[in-house]
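# Structural description and commentary
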Amino acid sequence: MRYPIIEIEVTQSLPTIKLSENDAGIALIVRHKDQAIAFLMQALSPNRVLTSAEIAEWIAKEVGNKLLQESIREQLTHPTANLADFPSLTVAVCTKDRPDNLARCLQSLIKLQKPELEANPRFEILVIDNASTDKRTQELVTVLPSVRYVQEPKPGLDFARNRALHEAIGEIIAFVDDDVVVDRQWFNGLMEAWTENPDAAAFTGQVLPYALETEAQILCEKRGGFRKSFEKIRFGQILPGNTLYPCGAGVFGVGCNMAFRRQIVLELGGFDEALDTGPSLPGGGDHDMFYRIIRADYTLIYEPKYLVFHEHRRDYLSLRRQYSRSWGLGFTSYVTKCYLSDPPQRKKLVRLVLWWLKYELSQLLESLLGKHSLPPDIFFAEFLGGITGLLGGYSRSCKRIEKIRRQFV
């Protein structure tokens, strides 16, 4: 069971696509003049043939307005991204015991770091090796002269992120996870976002699936995966129509593809090391930083051209664990931290928790009735993880982190 992911450039002749006997559907990444403007997917029978006319009809139905918007945008005058004006950039990759994933990620970054016709690297690449159990990561980076290697012995993603903040030399620091591959337009997307919003403190971008080769990966994407809109968004102090803003931090983006003005994050005290700690609490650190950026009266930009491809969990148990720990426990631990540290927002945070409870129960009921593409145990796991977070998840993590800090004094 797999969905092949096919790139379609709409300014060129559309292909005819024949699925194999092992295919259960298809996903399209639709590009307009090399910019990704849409992601489409649907279940199809094995060996199905999609003609170019059928593909054109599908794209026109789903993306017609977006294509018109892009055509109009081309006619308008807008700031042009210029490398000479772009601030210095460090790209940090925090990793632990995943040299194969890291090698793939670095390969995609190095291609953008120094294009053939440019004399100097466009940005620094910094690998933070976070408490790895062997030398494979160090050995990998040693043979890459344009990549800098730093060890962070304290286990936990936000320990590694904070180490990157202090080791980086760039005015802007971008974080990508080791299980992503950056798109060929990724760097241009970040430059464009900065050029259009030079006052912004943070940037997030689009995240599409790297592969849809297993049932778990397809289920993840059917629920939306890590995808966001293909529209630019400028987040300020209000978001019309969203009464829970900015507490529902998932609206901003995700930590596998984010960038910040480094000095501003340092002034905010860096990442909360009690969130995104690893297996015990693998989430919340990114949402917490996005929330604090907005609460400190800064602007955050979502730019869809700032695109990465993320390799989702390949097996079902890992996917269920992600829903439970990262998206259940991580989310409610983040909310608890906000409740404790930001009293003016407490009424809104309570409303957010009530909304979340209602949403989770409705999704579970829908699944139990056979009206949802995901099975009930996924929603039950996420709900249980969230309840665990509400019952002291953040305070327990703070105690664990203090113990780790004492071990490495």
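This text goes with the structure placed above it.
So, a few notes on the structure that sits alongside this text. None of the values given here were measured: they were computed from a predicted structure. (Residues numbered from 1 in each chain as written. Predicted model: local features only at pLDDT ≥ 70, side-chain atom pairs only at ≥ 80, totals over all residues. Heavy atoms only, no water.)

Moving on: the pairing of strand β6 (residues 89-95). With respect to burial, β6 is a largely interior element, seven of its seven residues being buried. Of the two faces of β6, the one carrying Leu89, Val91, Val93 and Thr95 and the one carrying Thr90, Ala92 and Cys94 are both buried. Pairing of β6 with strand β9 (residues 172-176), which is carried by four bridges, proceeds in the parallel orientation. Counted as the bridge partner of alanine 92 is phenylalanine 175 from β9. (Buried < 20%, exposed > 50% of the residue type's maximum accessible area, 1.4 Å probe, protein only. Helix = DSSP H or I, 4+ residues; strand = E, 2+ residues; numbered from the N terminus. Pairing = 2+ DSSP bridges.)

For the structure shown, the criterion picks out 39 salt bridges. Two residues, arginine 227 and glutamate 221, come together in a salt bridge whose shortest N-O distance is 2.5 Å. Taking the shortest distance from any N to any O, the salt bridge between arginine 295 and aspartate 342 comes out at 2.7 Å. Taken together, the positions of arginine 295 in helix α8 (residues 285-295) and aspartate 342 in the loop between α9 (316-341) and α10 (346-368) put the pair 47 residues apart, joining distant regions of the chain. On the accessibility criterion, arginine 295 (35% relative accessible area) is partly exposed. Through salt bridges with shared partners, a single ionic network connects Arg73, Glu192, Glu196, Lys232, Glu303 and Lys305. (Salt bridge = Lys/Arg side-chain N within 4 Å of Asp/Glu carboxyl O.)

When two helices pack together, their arrangement is captured by the angle between the axes and the distance separating the axes. As a packed pair, α9 and helix α11 (residues 376-390) sit with axes 7 Å apart at the nearest point and diverge in direction by 30 degrees. Relative to α11, the element α9 is oriented roughly parallel. Like other packed secondary-structure pairs, α9 and α11 cross with a definite hand, here right-handed. Contact residues: Tyr316, Leu319, Arg320, Tyr323, Ser324, Trp327, Gly328, Leu329, Thr332, Ser333 and Thr336 in α9; Asp377, Ile378, Ala381, Glu382, Gly385, Gly386, Thr388, Gly389 and Leu390 in α11. Looking at the contact of α9 with α11 residue by residue, the classes come out as eight nonpolar, nine polar and three charged. (Axes fitted to C-alpha atoms, helices over the stretch in contact; angles between N-to-C directions. Parallel < 35°, antiparallel > 145°, perpendicular 65-115°, else oblique. Left-handed = near helix turned anticlockwise from the far one by under 90°. Contact = heavy atoms within 4.5 Å. Nonpolar A, V, L, I, M, F, W, Y, C, P; charged D, E, K, R; others polar.)

Once that is clear, we can look at the packing of aromatic side chains. For the structure shown, the criterion picks out 20 aromatic pairs. Judged by centre distance (5.5 Å) and plane angle (75 degrees), the rings of phenylalanine 226 and tryptophan 327 are edge-to-face. Of the two residues, phenylalanine 226 sits in the loop between α6 (215-222) and β12 (233-235) while tryptophan 327 sits in helix α9, which places them 101 residues apart along the sequence. Classification of tryptophan 327 by relative accessible area gives partly exposed; the value is 24%. Between the aromatic rings of phenylalanine 260 and phenylalanine 290, the centroid separation amounts to 6.2 Å while the plane-to-plane angle is 25 degrees, which identifies the pairing as stacked. Placement of phenylalanine 260 in strand β13 (residues 257-261) and of phenylalanine 290 in helix α8 is noted, with a sequence separation of 30 residues between them. You can call phenylalanine 260 buried: its relative accessible area is 0%. Here the aromatic residues Phe175, Phe235, Tyr245, Phe252, Phe260, Phe271 and Phe290 are joined through ring pairs into a cluster of three or more. One cation-aromatic arrangement involves arginine 104 over tyrosine 210; the distance from NZ or CZ to the ring centre is 4.3 Å. Here the basic side chain of arginine 346 rests over the ring of tyrosine 339, its NZ or CZ set 4.7 Å away from the ring centre. (Phe/Tyr/Trp six-rings, centres within 6.5 Å; stacked < 30°, edge-to-face > 60°. Lys NZ or Arg CZ within 6 Å of the ring centre and 35° of its normal.)

Turning to the sheet that holds strand β4 (residues 35-43), a few remarks are in order. Read across the sheet, three strands follow the order β1-β3-β4 without closing on themselves; strand pairing throughout is mixed. Each edge of the open sheet is held by one strand with a lone partner, namely β1 (5-9) and β4. Looking at each pair of strands side by side, their axes are set apart by 25 degrees on average, direction ignored. With eight bridges joining them, strand β3 (residues 25-32) and β4 adopt antiparallel strand pairing. Looking at β4, one finds that valine 30 is bridged to alanine 38. Against the sheet, helix α1 (residues 52-75) engages β1, β3 and β4, with an angle of about 165 degrees to β4.

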